[in-house]
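Observations on chain architecture
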Amino acid sequence: MANGDCALDICFASPPSEDLSRCIIGIRQSIQKRDFPGLVDLIPAYQCLTITFDPLTCNRRLLTQQLIELAQEVIQSPPALRRKPRTISIPVCYEEAFAPDMHTVSEYTKLSREEIIALHTHPPYLVHMLGFSPGFLYLGELDPQLHCPRKHTPRLRISAGAVGIGGSQTGVYPQATPGGWQIIGQTPIGLFHPASDSPCIAEPLDIVKFHPVDITQFEAIRQSYPRAKYREKR
């Protein structure tokens, strides 16, 4: 599928899932291995892979056909992943000072603050994709009991590290940005470091596990970070 003059999308009708994310990452990995001339970037999402290219050095029609053939090969015979997924533990303070929308979520879901925290920290979350800002983690699967609509009017500024719920998704804001998700907590650690060789704390197919901390622990972690380690290999 065309996506402007300098990009193509490989799209899937299947709903977002771990299997689909593995397929998309497998296609990206196979494209990187082929080293097609003129490619600029490969951007995985929930149900598609966007391929950006230089139209002056790349034959669009030929590239489209090559990508279709490659995608079909990967679907029929998925490649082994080059990188072993990791489990990343992220501390979150759910106390009132960091959870301006906890009451809204509680009213909508009919759950107490304690029940919301327990449900939010219970499952391991698969990282499906990164965006809308650098390092923003789109995570699945949020417990259906916690599904809550986005705000009708987005905030002009949400603090870096804010943990939110948007519809059926949960995620963490790496930078201070506008946003419309319901904020239920905050992490003291950084998620995006542009000067690093690996700027994002996690990548697609990694697993994120939230664990609750109180304000004292939050401040101690913030003071010690980045010396504190939160990455755990599976």
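For the structure, see preceding data.
For clarity, every value in this text was computed on a predicted model and none was experimentally measured. (Residues numbered from 1 in each chain as written. Predicted model: local features only at pLDDT ≥ 70, side-chain atom pairs only at ≥ 80, totals over all residues. Heavy atoms only, no water.)

Details of the pattern of salt bridges
- What the rule picks out here adds up to seven salt bridges.
- In this structure, the salt-bridge partner of Glu73 is Arg34, at a minimum N-O distance of 2.9 Å. Of the two residues, Glu73 is situated in helix α2 (residues 60-76) and Arg34 in helix α1 (residues 18-34); the sequence distance between them amounts to 39 residues.
- Looking at Glu73, the relative accessible area reads 43%, which means it is partly exposed.
- Relative accessible area serves as the criterion here: at 45%, Arg34 is assigned to the partly exposed category.
- A salt bridge links Asp206 to Arg86; the shortest N-O distance between them is 2.4 Å. Here Asp206 is found in the loop between β11 (182-186) and β12 (207-213), whereas its partner Arg86 is found in strand β4 (residues 86-93), with 120 residues between them in sequence.
- For Asp206, a relative accessible area of 0% corresponds to the buried category.
- Salt bridges sharing partners connect three or more residues here, namely Asp101, Lys151 and Arg155. (Salt bridge = Lys/Arg side-chain N within 4 Å of Asp/Glu carboxyl O. Helix = DSSP H or I, 4+ residues; strand = E, 2+ residues; numbered from the N terminus. Buried < 20%, exposed > 50% of the residue type's maximum accessible area, 1.4 Å probe, protein only.)

Notes on the packing of α1 against α2
- Contact geometry of α1 with α2 gives a least axis separation of 9 Å together with a crossing angle of 125°. One element, α1, and the other, α2, form an angle in the oblique class. Helix-helix and strand crossings are classified by hand; for α1 and α2 the assignment is right-handed. Contacts between α1 and α2 pair Cys23, Gly26, Ile27, Ser30, Ile31 and Arg34 from the former with Leu67, Leu70, Ala71, Glu73, Val74 and Ile75 from the latter.
- In terms of residue class, the contact of α1 with α2 is made up of eight nonpolar, two polar and two charged. (Axes fitted to C-alpha atoms, helices over the stretch in contact; angles between N-to-C directions. Parallel < 35°, antiparallel > 145°, perpendicular 65-115°, else oblique. Left-handed = near helix turned anticlockwise from the far one by under 90°. Contact = heavy atoms within 4.5 Å. Nonpolar A, V, L, I, M, F, W, Y, C, P; charged D, E, K, R; others polar.)

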